[in-house]
Amino acid sequence: MTLKVTDGERGDWAVLQVAGEMDLVTSPVVRQRVHDAVADGRHSLVLDLSEVFFCDSSGVGVLIATRRLIRSCQGRLRLILPAEGAEDGSHVNRVLAALGVRRLFDVFPDLVTALDEESRPLSA
């Protein structure tokens, strides 16, 4: 399976919906789309990873680099990692937790919650 990235805007937020596998071959696509959004002046970013069913260290590296980039421009980054979804729960969530980096991200269960300024992120 390949990777599909769909972009959109919701108010002040750029939303990238990612589906498929984030691995050594496909992760650069996500990295480039994030850089494109930031270059367009979009510093509030939601990455919807609910349809990502595989993520290796390359994908995690892209997420950490995205966090660093968004923080460098005083932006906001939110991840969507639902408890259920791509293959019975978020693979990305399990990988981030296993590596001990899940706590670095503001994680939400869905897009509506992620876009709500009053919502609190899920606990790590």
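Not measured: the values here are computed from a predicted model.

Chemist: How would you sum up the sheet that holds strand β1 (residues 3-10)? Please name residues and give values.
Modeler: Reading across the sheet, the 5 strands line up as β1-β2-β3-β4-β5 and stay open at both edges, with mixed pairing between neighbours. Both outer strands of the open sheet, β1 and β5 (106-108), are each paired with one neighbouring strand and no more. Averaged over all adjacent pairs, the angle separating strand axes in this sheet is 25°, with direction ignored. As paired elements, β1 and strand β2 (residues 13-22) share 8 bridges and run antiparallel to each other. Paired with G8 across the bridge in β2 is V15. Sheet strands touched by helix α2 (residues 57-72): β2, β3 (44-55) and β4 (76-80). Its angle to β3, the strand with the most contacts, is close to 175°.

Chemist: Describe helix α3 (residues 91-99), and please don't skip the residues or the numbers.
Modeler: Here α3 has its buried residues at H91, V92, V95 and L96. The buried side chains of α3 occupy one side of the element, clustering within an arc of 130° when seen end-on. The inward-facing, buried residues of α3 abut β3, α2 and β4. Just beyond α3, the residue with positive phi is G100, at close to 80°.

Chemist: Which residues make up empty space enclosed by the protein, and what values do they have?
Modeler: This model, assessed by the stated rule, comprises 1 cavity of 30 Å³ or more. Taken as a whole, the largest cavity holds about 30 Å³ of empty space. R31, V34, H35, V62, A65, T66 and L69 together form the lining of the largest cavity. Among the elements of the structure, α1 (27-39) and α2 are those that each provide at least two residues to the lining of the largest cavity. The biggest single contributor to the lining of the largest cavity is α2, with 4 residues. Classifying every residue of the lining of the largest cavity gives 4 nonpolar, 2 polar and 1 charged.

Chemist: Outline the layout of surface pockets, supporting the account with residue identities and numerical values.
Modeler: Approximately 160 Å³ is the volume found for the largest pocket. The biggest single contributor to the lining of the largest pocket is β4, with 4 residues. Of the residues contributing to the lining of the largest pocket, the split by class is 7 nonpolar, 1 polar and 5 charged.

Here is what the cut-offs are and how they apply
- Residues numbered from 1 in each chain as written.
- Predicted model: local features only at pLDDT ≥ 70, side-chain atom pairs only at ≥ 80, totals over all residues.
- Heavy atoms only, no water.
- Pairing = 2+ DSSP bridges.
- Helix = DSSP H or I, 4+ residues; strand = E, 2+ residues; numbered from the N terminus.
- Axes fitted to C-alpha atoms, helices over the stretch in contact; angles between N-to-C directions.
- Contact = heavy atoms within 4.5 Å.
- Buried < 20%, exposed > 50% of the residue type's maximum accessible area, 1.4 Å probe, protein only.
- Arc of directions from axis to C-beta.
- 1 Å grid on protein atoms, 1.4 Å probe; cavity = no way out; pocket = protein on both sides within 12 Å on 5 of 7 lines; lining within 4 Å.
- Points joined across faces, edges and corners; volume = space filled by probe spheres on them.
- Nonpolar A, V, L, I, M, F, W, Y, C, P; charged D, E, K, R; others polar.

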